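Overview (structure and organization)
Now for the letters of each chain:
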Amino acid sequence: MATRDEFPDELPPYTASDSDGASAVSAVTDITNGLHSQSTTTEQHTHGSTGTSSQQAAQVDLTEIDGGLAMLLERSRQSLGSCKEAVVFLRSRAKVEEDYGRSLQKVAHQTLKMMDNGAKSATGMSTQQAAWQRLVEVHETLASNRMKFSITLTEMSEYLGNYVKAKESVRRKLRESEQRCQKAIEESHAMLEKARVKYENNCVEWERLLVKGGNSRNESLAAAPSSSGKGKNVGSAVSGIFGKHKGSTQESLERLGQEAGVKAKVANEAYKRLLQQTNVMRRDFYDVQLPKILASVMGLVEEVDQFLKFTLGKYAYTYESAVLADAVTLKPVDGASVGMVEMVGDIDSKADLDAYLQMTAKSGGRIDRGNLPYREYRMSTQAQLYASPKPIFGVPLDEQLCRDGQSVPLILVKCAEAVESRGLQNEGIYRHSGQSSQVKRLRSEFDLDAEHVDLYNSPYVKDINNVTGVLKMYLRELPDGPIPDAQRIPMLKLFSAEDSYFVVDQDELKLAQKISGLADAIRNMGEPYRNTVAFLFAHLDKVQAFQEYNMMSSKNLGIVFGPNVLPPSNDPASAAADSRTAGVMIKFILDNRRAIFDAV
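Residues numbered from 1 in each chain as written. Predicted model: local features only at pLDDT ≥ 70, side-chain atom pairs only at ≥ 80, totals over all residues. Heavy atoms only, no water.

Here the focus is the overall build of the chain. Helix and strand counts for the chain come out as 19 helices and zero strands. Counting across all 600 residues of the chain, residues that qualify as buried make up 37%. Pairs at least 24 residues apart make up 86% of the contacts formed inside the chain by residues separated by at least 6 positions. Of the roughly 35300 Å² of accessible surface on the chain, 54% is carried by carbon and sulfur atoms. (Helix = DSSP H or I, 4+ residues; strand = E, 2+ residues; numbered from the N terminus. Buried < 20%, exposed > 50% of the residue type's maximum accessible area, 1.4 Å probe, protein only. Contact = heavy atoms within 4.5 Å. Areas by Shrake-Rupley, 256 points an atom, 1.4 Å probe, with all protein chains shown as cover.)

Structure follows, in structure tokens:
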């Protein structure tokens with residue numbers, strides 16, 4: 001803020017140009033008019049007298065202090081901040097009361113609802129139930145009182161918040177008015193400084209030209225020729241020529257000095273005029289405008305403090321009223337109603353118990369003293385499967401058939417039926433592999449309990465190759481295979497290395513010997529193995545019957561099922577030959593199935 005002291009009136013002559021002075025005066029006039037209207041508006045918003053001796057003394061002190069208005073504005077900001085804190089408190093307090101009222105109301109409603117849903121005595125409501133219902137109704141009244149208190153606090157916080165916003169706007173306008181005045185004074189100071197610098201520069205130039213002109217005139221007088229001299233020489237002639245030129249320079253200096261003097265006087269007048277305008281502006285601000293702004297801010301502070309005091313008093317009164325309303329609800333003073341203690345005192349527990357026992361004795365039945373029967377828990381079908389699985393993969397054929405009471409493995413029966421119903425015309429049936437993950441899922445289902453596997457509705461059998469894949473896996477993982485070692489070795493010996501898939505025995509004797517040997521071997525098998533082999537080759541015979549469509553001849557079936565029905569030996573050197581021999585034997589059995597199994 002600029003200092004209060006005015007600039008001295010007796011400074012050297014210095015004034016701004018006419019245009020600069022007019023703009024400064026115009027700025028001062030605009031700000032003064034605006035401040036007068038702002039002060040009038042502010043005074044309309046403030047209450048109470050601002051003309052007391054103590055207040056005037058405070059204003060005088062503040063006008064004499066640099067930053068006095070800023071101090072008072074800070075005080076008004078603190079007062080408004082206290083109001084904001086009160087707004088936050090009232091809003092939070094209202095929320096607390098609302099939550100408490102709603103919670104209490106909810107508990108009361110729930111309790112009444114439970115009482116309505118509860119069984120009632122045939123003799124009517126007991127004294128305990130009646131007292132309990134009245135207690136809950138008292139709590140409903142307490143909840144209603146708290147809700148009303150919450151609404152009042154909310155209204156107070158909203159009203160106080162709106163009041164703070166309005167007074168903050170007044171405070172902001174007062175601060176802006178003071179800032180506009182300060183800005184105008186600062187701009188006038190800047191213009192005054194420019195005028196002073198201009199004035200001093202002109203004076204310096206004028207002084208320089210005066211000194212230079214005086215020195216030049218003195219030099220000319222000193223160099224002028226004596227009047228008594230009669231003779232002239234060349235030097236004197238030359239001096240006369242240059243002296244004449246020097247006289248013209250002297251005239252130029254005098255002319256420039258006169259012009260500089262005129263400029264200095266004009267700058268002096270402009271400087272003095274602007275100095276006077278600046279001092280007028282400062283006196284108007286410090287003697288008129290600043291006291292008015294201070295009075296307005298002081299009134300604003302007093303009004304805000306009084307309003308906050310009024311609001312807090314209203315809060316205290318409202319709170320006391322709410323607490324007294326709760327107290328009257330708990331303990332009425334009119335004598336017509338009873339309090340909570342009296343309600344509880346009206347309970348007659350013995351009478352309630354007697355009435356209950358009499359009612360239940362009439363409606364109660366006789367005691368059953370007999371022994372309780374045993375009730376076996378029945379698990380779901382799926383749980384029973386997991387509790388008692390029936391694995392078939394890797395289990396000897398005779399063992400699993402004896403356990404399940406079957407003559408042929410169910411997996412073979414179900415897979416064969418699925419293939420025969422919808423896969424006989426699929427090209428490459430049994431040669432193509434199914435999807436590995438789905439084949440494994442089918443294997444898990446069969447290994448849990450083959451009886452509960454449904455190959456017609458299972459999501460894994462949309463591809464028939466998944467069914468053929470799981471069947472081949474089953475045959476391949478049988479510990480002894482479908483043909484035991486005691487019969488597999490004699491059966492393989494019937495075929496030599498010269499036998500081929502494409503060579504058919506022309507010798508009827510050799511053909512009859514192979515058929516007879518195979519029939520004898522199958523006949524010597526145990527019943528589980530004999531039934532399984534007969535069923536398997538009967539199914540494969542049906543498959544090759546559709547070889548026109550599925551391209552699975554007896555040769556192709558022999559290649560596929562040879563390693564599965566007759567696993568090769570563990571000797572890598574003979575494994576390939578064993579697989580080939582097994583395939584030739586499978587092909588031979590399929591080509592002569594009826595003759596072989598009719599002889600069995």
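This brings us to the pattern of salt bridges. Applying the stated criterion across every chain yields a total of 22 salt bridges. As a salt-bridge pair, Glu303 and Lys167 come within 3.1 Å of each other at their nearest N and O atoms. Here the residue Glu303 occupies a position in helix H5 (residues 234-330), and Lys167 occupies one in helix H4 (residues 127-222), the gap between them amounting to 136 residues. We classify Glu303 as buried; its relative accessible area is 9%. Of the charged contacts, one joins Glu200 and Arg196 as a salt bridge, the two residues approaching to 2.5 Å between their closest N and O atoms. Of this pair, Glu200 and Arg196 both sit in helix H4, four residues apart, which is roughly one turn of that helix. Relative accessible area serves as the criterion here: at 36%, Glu200 is assigned to the partly exposed category. Through salt bridges with shared partners, one network takes in Arg93, Glu97, Arg146 and Asp326. (Salt bridge = Lys/Arg side-chain N within 4 Å of Asp/Glu carboxyl O.)

So, on to the packing of helix H3 (residues 68-117) against H4. The interhelical angle for the contact between H3 and H4, taken along N-to-C directions, is 160 degrees, at an axis separation of 7 Å. Taken together, the axis directions place H3 and H4 in an arrangement best described as roughly antiparallel. The crossing of H3 and H4 is left-handed. Here the contact of H3 with H4 is built from residues that sort into 23 nonpolar, twelve polar and 15 charged. (Axes fitted to C-alpha atoms, helices over the stretch in contact; angles between N-to-C directions. Parallel < 35°, antiparallel > 145°, perpendicular 65-115°, else oblique. Left-handed = near helix turned anticlockwise from the far one by under 90°. Nonpolar A, V, L, I, M, F, W, Y, C, P; charged D, E, K, R; others polar.)

With that out of the way, let us pick up the nonpolar core. If you look at the biggest cluster of nonpolar residues, it comprises 60 residues, and the most contacted ones within it are Tyr430, Phe446, Leu455, Phe561 and Ile596. If sequence neighbours within four positions are ignored, Phe561 has contacts with Tyr430, Lys472, Leu475, Leu536, Leu540, Leu566 and Ile586. (Core = buried A, V, L, I, M, F, W, Y, C linked by side-chain atoms within 4.5 Å.)

This brings us to the environment of Phe537. Residue placement: Phe537 occurs in helix H15 (residues 527-545). On the basis of relative accessibility, which here comes to 1%, the residue Phe537 falls in the buried class. With residues near it in sequence (within four places) discarded, Phe537 still touches Ile586, Ile589, Leu590, Arg593 and Phe597.

This part takes up helix H10 (residues 410-422). Helix length check: H10, at 13 residues, gives a terminal C-alpha distance of 18 Å against a target of 18 Å (1.5 Å per residue), a fit within 8%. Those residues of H10 that sit buried are Ile411, Leu412, Val413, Lys414, Cys415, Ala416, Ala418 and Val419. Structurally, H10 contributes buried residues whose contacts are with helix H11 (436-448), helix H12 (464-477) and H15. (Expected span 1.5 Å × (residues − 1).)

In this section: the side chain of Gln544. Here Gln544 is to be found in helix H15. At 2.8 Å, the side chain of Gln544 and the side chain of Asp541 are in polar contact. If we skip the residues at most four places from it in the chain, Gln544 touches Met552, Ser553, Ser554, Leu557, Leu590 and Asp591. (Polar contact = N/O pair within 3.5 Å; in protein donor to acceptor, adjacent residues only side chain to side chain.)

Here we come to the packing of H12 against helix H17 (residues 554-565). Viewed as axis vectors pointing N to C, H12 and H17 meet at an angle of 40 degrees, and their least axial separation amounts to 7 Å. If you check the angle between H12 and H17, you find them oblique. Residues Lys472, Leu475 and Arg476 of H12 lie in contact with H17, whose contacting residues are Val560, Phe561 and Asn564. When the residues that make up the contact of H12 with H17 are grouped by side-chain class, the tally is three nonpolar, one polar and two charged.

On to unusual backbone geometry. Of note in the backbone geometry, Tyr430 takes a positive phi value of approximately 70 degrees without being a glycine. Within the secondary structure layout, Tyr430 lies in the loop between H10 and H11. The residue Met551 is not glycine, and still its phi comes out positive at about 60 degrees. With respect to the element layout, Met551 can be found in the loop between helix H16 (547-550) and H17. The partly exposed category is assigned to Met551, whose relative accessible area is 43%.

Across the chain, the average pLDDT comes to 80, with 80% of residues at 70 or higher. Looking at the elements of the chain, mean pLDDT is at its lowest for helix H1 (residues 18-45), recorded as 37, and at its highest for H15, recorded as 93. Predicted confidence is poor over residues 226-245, with pLDDT under 50, and the contacts of this stretch with residues over four places away or in other chains come to zero contacts. (pLDDT = per-residue confidence, 0-100.)

On the surface, Leu353, Tyr356 and Leu357 cluster together to form a nonpolar patch covering roughly 310 Å² of accessible area. Its location among the elements puts Leu357 in helix H7 (residues 349-363). (Patch = residues over 30% accessible without salt bridge, like charges linked within 9 Å, V, L, I, M, F, W, Y side chains within 5 Å.)

Let's shift gears to the packing of aromatic side chains. In this structure the tally under the stated criterion is 13 aromatic pairs. Relative to Phe307, the ring of Tyr163 lies with its centre 3.9 Å away and its plane at 20 degrees, an arrangement referred to as stacked. With Tyr163 in helix H4 and Phe307 in helix H5, this residue pair connects regions lying 144 residues apart in the sequence. Judged by its relative accessible area of 11%, Tyr163 falls in the buried class. Residue classification places Phe307 among the buried residues on the basis of a relative accessible area of 15%. On the basis of an interplanar angle of 65 degrees and a centroid distance of 5.0 Å, the ring pair of Tyr430 and Phe561 is categorised as edge-to-face. With Tyr430 in the loop between H10 and H11 and Phe561 in helix H17, this pair connects stretches of sequence that are 131 residues apart. An aromatic cluster is present here, built from Phe89, Phe149, Tyr315 and Tyr319 joined pairwise through their rings. In this arrangement the basic side chain of Arg93 is found over the ring face of Tyr319, its NZ or CZ atom lying 4.6 Å from the centre. Lys514 extends its terminal NZ or CZ atom over the ring of Phe588, reaching a point 5.8 Å from the ring centre. (Phe/Tyr/Trp six-rings, centres within 6.5 Å; stacked < 30°, edge-to-face > 60°. Lys NZ or Arg CZ within 6 Å of the ring centre and 35° of its normal.)

Right, let's talk about the environment of Arg146 for a bit. For Arg146, the position within the fold is in helix H4. Those residues in contact with Arg146, other than ones at most four positions away along the chain, are Glu97, Tyr100, Gly101, Tyr319 and Asp326.

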